[in-house]
Structure formats: structure tokens, C-alpha cells
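Now for the letters of each chain:
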Amino acid sequence: MKRREFIGTIGTVALLPLMARAQQSKKVYRIAILHPSHPVAELTEVSSFRYWREFFQELRRHGYVEGQNLTIERYSGEGRVESYPKLARDVSTRSLDLIFAITVWMVAPLKDSTRTTPIVAMTSDPVDLGLVSSMARPGGNITGVSVDAGLEIWGKRLQLFREVAPAISKLGILALRRNPEGAAMQATAEKAGISVVGSSFLDSGSEPEYRRVFALMSQEGADALFVDGSPEHITKRQLIGELAEKYRLPAIYPFRSFVEAGGLMAYGIDFLEIFRQVARTIDQILKGAQPGDIPFQQPTKFELVINRKAATNIGLLLPEPLLARADEVIE
């Protein structure tokens, strides 16, 4: 081989990694986001939800920018429970590099519809739900994050709640009928000797249903309220806060977004970190990792958030020791 040819070959070999990276950077990934109730306008980096903004910022930190190397299809079930399975099946037929789906009611029909498209799921316990075989090695085409803090967390919430409303005797429970949290909330109250009042399980999650349930709880003398973590509640968080204020019901919620929308207090997982983890998992898969080899992540950080104005609006005096322990107090 001539010296000039040899040098040229060496130069080409040296450039191969750079050429590969350049080719990779030009690839445009196509993913879908599937939510049961949030409007598609909220599934963006300018969302009113902090966790969606953080999700997109984390994607940017890993080099994914919508409109450059990322195309996102957004889908919402708009809270119409009966339409969830069909929507999920329709999304599974799209030509996608990955689907990010929230709740078992979206993930389960996706699992039945595709064995090849990677699915990043945000659900309660995925093993109990039959979505994966184990947390450490999910297998198949599904991995993600669990938002399951354990049903026993309702005991901790009641303990905190009693510092705000120590004389609770009749508790209202706002839960979607199919959400297993409802039974845990009821068992927690009964174990503490607190009566559960009202027909407080919702089926459709429509505004008239919320108004009817709140009115009934009030008529039956509820003096406090538990709210479960169903996505439909998060979407209706403003309405729930307004109704809780109207009926002067102290309420405790599972996520800070309720409190940011005017609710009284929340104790639960740090949703910002959960959404960051989803973005990191998406990055791993787009870089070639197999979903079944990526462990399902579990929540490790919890936070107490209190809204002082909400307390004032219903004539509630917040104890200073509780305020001092809160991770954040919204004025």
C-alpha cells in the first residue's frame, strides 16, 4: 500500500466515530404520549403542570428537541373511560419508536396490541397489575416508573391530616370506582374509628358527577375529605379544590399539583423526579437499550405541601409545627 493511501485509510478510520455520531444526530425519533385525561395542549413543555415542563427539560438535557430530532404524537382519552382501550389500540398501530403511556388502563391494551414497540409506562405496581414479570427485569417491551407508594401511605396521610383537623369523625372519599386506592382509603378510616359517608365513588369523572358527589357528602355530614390519585382527578383538580372550599371540607391529596391548584395539603411522591426518570428511561431506549432489561423504577422521595390560603378560605388554623415540617408552604 502506498504511503498516501495508508494515511488516507487511517484518516477515514479515525473519522468513523464522528461520522456515526453525525448520522445518529440526524435521526428523527418518533414517540407518542398517551394520557387518559390531560388535554393534549397540556402534554407540552409550556404545560401548566410543572412535571410536564420538567419532563421536556430533561429530554432536552439528553439531547432530544421536538422539531429537530424528535417528533411527538400526543393523545388524550379526555376522561372518557369507555374509550381508553380503543385509543390505546389505535396508538399501537402507529409507526413509532416508543410510546409513553400513563395508567394501567392505557398500558394494558397497549401490551395486548404490540409486542415490539417499546412502552414506557407510568402506573401503580406493574407486577400486581400483570404488566411485567418483575421490577428488576421486566422482560418484553415494557418498562417505566411506578407511582405506587404502597396503600399503607393512606395511614401516614391520615396521621398528618389529623394534625390539621383532629376532630375528624365523618370522612368523605373521592375515588374512581376502579382505582384500588378507594378500598385502602376506606379501610384506613375504619381502622381509625372514622365513619365514611356519602356515595363517593365516581364512574365517569364528569363535572356533574363531581358536583353531585360533593353535595351528597356534605348532606351526610362529611367533615374532611380523602382524594385518590386517579389522573381524572388531577385533570379536574381546580374543580375539586373549588368544591372543597364551597363545602368547607379540609382535604388531603396525593400530589402537589392539587395544592398548587388551590387544594389544602398533599403528601406523596415527588412527581417532578418521577417525570425526570421517565425522560431518562426514554433516552436509554432510544439509544438502543431493551425495555425488558431496564428495571422499573420506584418512588424514593416524598413531600408534604400545604396551601395556607386554602386553609384561611375555609376557616382552618394550621399548626405551626406542621408548617415547619412541610417541604413547601404555598401562601
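Summarised in this report is the structure supplied together with it.

### Topic: the overall build of the protein chain
- Secondary structure summary: the protein chain contains 13 helices and 13 strands in total.
- When its C-alpha atoms are laid out on the principal axes, the protein chain stretches across 95 × 40 × 35 Å.
- Every one of the 331 residues in the protein chain was classed for burial, and the buried ones make up 51%.
- The contacts of the protein chain with a sequence gap of at least 6 include a subset with a gap of at least 24, amounting to 68%.
- Accessible surface computed for the protein chain: about 15,200 Å², of which carbon and sulfur atoms make up 52%.

### Section: the pairing of strand S6 (residues 170-176)
- Across the seven residues of S6, six count as buried, placing the element largely inside the fold.
- The β-α-β motif built from S6, the intervening helix H6 (residues 181-191) and the parallel element strand S7 (residues 195-197) has right-handed crossover chirality.
- When S6 meets strand S8 (residues 201-202), the two strands line up parallel, connected through two bridges. Each bridged residue has a counterpart across the sheet, and for alanine 175 the counterpart in S8 is phenylalanine 201.

### Focus: the packing of helix H3 (residues 84-92) against helix H4 (residues 104-113)
- Two elements in contact, H3 and H4, have axes whose closest approach is 8 Å; the angle formed by their N-to-C orientations is 45°. The orientation of H3 relative to H4 falls into the category oblique. Here the hand of the crossing between H3 and H4 comes out right-handed. On H4, the residues touching Tyr84, Pro85, Leu87, Ala88, Arg89 and Ser92 of H3 are Trp105, Met106, Pro109, Leu110 and Ser113.
- Per-class residue counts for the contact of H3 with H4 are eight nonpolar, two polar and one charged.

### Focus: the nonpolar core
- Of all hydrophobic cores here, the largest spans 54 residues; its most connected members are Trp52, Phe55, Phe100, Leu174, Phe214, Phe275 and Ile282.
- Per-element tally for this core: the top contributor is helix H11 (residues 271-286), with nine residues.
- If we ignore the near neighbours within four places in the chain, the residues touching phenylalanine 275 are Tyr51, Trp52, Phe55, Phe100, Ile102 and Met122.
- Ranked by size, the runner-up nonpolar core spans 29 residues in total, among them Ala165, Leu171, Ile306 and Ala310.

### Focus on H4
- Within the sequence span of H4, burial applies to Val104, Met106, Val107, Pro109 and Leu110.
- Where H4 is buried, its residues contact strand S1 (29-35), H3, strand S3 (98-102), strand S4 (119-123) and strand S5 (142-146).

### A word on the pairing of strand S2 (residues 70-76)
- Most of S2 is tucked away: five of the seven residues are buried.
- Judged from the seven bridges that link them, S1 and S2 form a sheet pairing that is parallel. In the sheet register, isoleucine 33 faces S2, and the bridge partner there is arginine 74.
- As for the winding sense of the linkage, the β-α-β connection from S1 through helix H2 (residues 50-61) to S2 is right-handed.

### Focus: unusual backbone geometry
- Backbone geometry at glutamate 78 places phi at a positive 55°, although glycine is not the residue there.
- Tracing the sequence through the fold places glutamate 78 in the loop between S2 and H3.
- For arginine 248, which is not glycine, the phi torsion reads 55° and is therefore positive.
- By secondary structure assignment, the location of arginine 248 is in the loop between helix H9 (237-246) and strand S10 (251-253).
- In this structure arginine 248 comes out as partly exposed when scored by relative accessible area, which is 49%.

### Let's talk about the environment of aspartate 223
- Mapped onto the elements, aspartate 223 comes out in the loop between helix H7 (207-219) and strand S9 (224-227).
- Relative accessible area serves as the criterion here: at 26%, aspartate 223 is assigned to the partly exposed category.
- Each C-alpha atom, one on aspartate 223 and one on proline 250, is 7.2 Å from the other, the two residues being 27 residues apart in sequence.
- Apart from residues lying up to four places away in sequence, aspartate 223 is in contact with Ala167, Ile168, Ser169, Lys170, Leu171, Leu249 and Pro250.
- A distance of 3.1 Å separates a polar atom in the side chain of aspartate 223 from a polar atom in the side chain of serine 169.

What counts and what doesn't
Residue numbers run consecutively from 1 along every chain, following the written order of its sequence. Thresholds applied to this predicted model are a pLDDT of at least 70 for local features of residues and 80 or more for the giving and counting of side-chain atom pairs; totals over whole chains, interfaces and linings are not thresholded and use all residues. Note that the side-chain values use all heavy atoms of the structure and ignore hydrogens as well as water. Segments assigned H or I by DSSP are reported as helices when at least four residues long, segments assigned E as strands when at least two residues long, and all are numbered from the N terminus. Residue burial is assigned from relative accessible area. The probe radius is 1.4 Å, only protein chains are included, and a residue is buried under 20% of its type maximum, exposed over 50%, and partly exposed in between. We call two residues in contact whenever any of their non-hydrogen atoms come within 4.5 Å of each other. Accessibility throughout is a Shrake-Rupley quantity obtained with a 1.4 Å probe, and a residue counts as covered only by protein chains that appear here. For a crossover, the right-handed case is the one in which the path from the first strand over the helix to the second runs clockwise, viewed with the strands pointing away from the viewer. Strands are labelled as partners when DSSP assigns at least two bridges between them. A fitted line through C-alpha atoms serves as each axis, taken over the contacting stretch for helices, and the angle formed by two N-to-C directions is quoted from 0 to 180°. For this classification, under 35 degrees means roughly parallel, over 145 means roughly antiparallel, 65 to 115 means roughly perpendicular, and everything else is oblique. In this scheme the handedness of a crossing depends on how the near helix is turned from the far one: anticlockwise by less than a right angle means left-handed, clockwise means right-handed. Any residue outside Ala, Val, Leu, Ile, Met, Phe, Trp, Tyr, Cys, Pro, Asp, Glu, Lys and Arg is labelled polar, Gly included; the first ten of those are nonpolar and the last four are charged. In this description, a nonpolar core means a group of buried Ala, Val, Leu, Ile, Met, Phe, Trp, Tyr and Cys residues linked to one another through side-chain atoms lying within 4.5 Å. Nitrogen and oxygen atoms within 3.5 Å of one another constitute a polar contact, given that in protein one can donate a hydrogen and the other can accept it, and given that sequence-neighbouring residues count only through two side-chain atoms.

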